[in-house]
Amino acid sequence: MQRMTALFSAALLATGLMTATAHAQQEPDAAQDPMATQQAAPAQDFSDDQLQQFADASQEIAVISQEYTQRLQEAEDESAQQEVRTEANERMIEVVEDSGLDVDTFNAIGQTIQQDPEMMQRVQEMANQS
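The rules behind each value
Residues numbered from 1 in each chain as written. Predicted model: local features only at pLDDT ≥ 70, side-chain atom pairs only at ≥ 80, totals over all residues. Heavy atoms only, no water. Core = buried A, V, L, I, M, F, W, Y, C linked by side-chain atoms within 4.5 Å. Buried < 20%, exposed > 50% of the residue type's maximum accessible area, 1.4 Å probe, protein only. Helix = DSSP H or I, 4+ residues; strand = E, 2+ residues; numbered from the N terminus. Salt bridge = Lys/Arg side-chain N within 4 Å of Asp/Glu carboxyl O. UniProt positions renumbered as here; feature names shortened; annotations may be inferred. Expected span 1.5 Å × (residues − 1). Polar contact = N/O pair within 3.5 Å; in protein donor to acceptor, adjacent residues only side chain to side chain.

1. Describing the nonpolar core
Formed by 25 residues in total, the largest nonpolar core has its most connected members in Leu51, Phe54, Phe106, Ile109, Ile113 and Val123. At the level of elements, helix H3 (48-74), helix H4 (78-99), helix H5 (103-115) and helix H6 (117-129) are the ones that each hand at least two residues to this core. Sort the elements by how many residues they give to this core and H3 lands first, with seven residues.

This is the structure in structure tokens:
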């Protein structure tokens, strides 16, 4: 159980990195697309398939997060740290998209499970079955 909590904590920390990148990339579009701001709000109703995709992607992201956290600590200067962050973000976004989710949905699920212990339990059970 502690392992799963650590895994999701790492994944949620990782999504924080992705959120910053995603918002930075999407800000100009938000002014042109009023729906873009609505997508950022966490939805409460996710399908079992989406939750399974989240669970699978979270496990991969936790591994990436650990790998890049170590590389970040070893980076010599701010420029090197930014390069490591950018590379980590790209890999995490790729994992999310390969899972079948978009980054906004992944982040919305992450935010929702932080506030909904029952959904967190469901996702943890799905991750255990993978």
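The rest of the description comes next.
2. A short note on the pattern of salt bridges
This structure, assessed with the given rule, holds four salt bridges. When the shortest N-O distance is used, the salt bridge between Arg71 and Glu87 registers 3.2 Å. One end of the pair, Arg71, is in helix H3; the other, Glu87, is in helix H4, with 16 residues separating them in the sequence.

3. Quick notes on the UniProt feature "coiled-coil region" (unreviewed entry) in the protein
In the numbering used here, UniProt assigns the feature "coiled-coil region" (unreviewed entry) to residues 65-92. Annotated as 89% helix and 0% strand, the span residues 65-92 places its first and last C-alpha atoms 8 Å apart.

4. Quick look at H4
Owing to its 3.6 residues per turn, the α-helix brings residues three or four apart onto one side. With 22 residues, H4 extends 31 Å from end C-alpha to end C-alpha; this agrees with the ideal 32 Å at 1.5 Å per step. Capping of H4 at its N-terminal end is provided by Asp77; its side-chain oxygen lies 3.2 Å from the backbone amide nitrogen of Ser79. One or two steps after H4, the chain reaches Gly100, where phi turns positive at roughly 105°.

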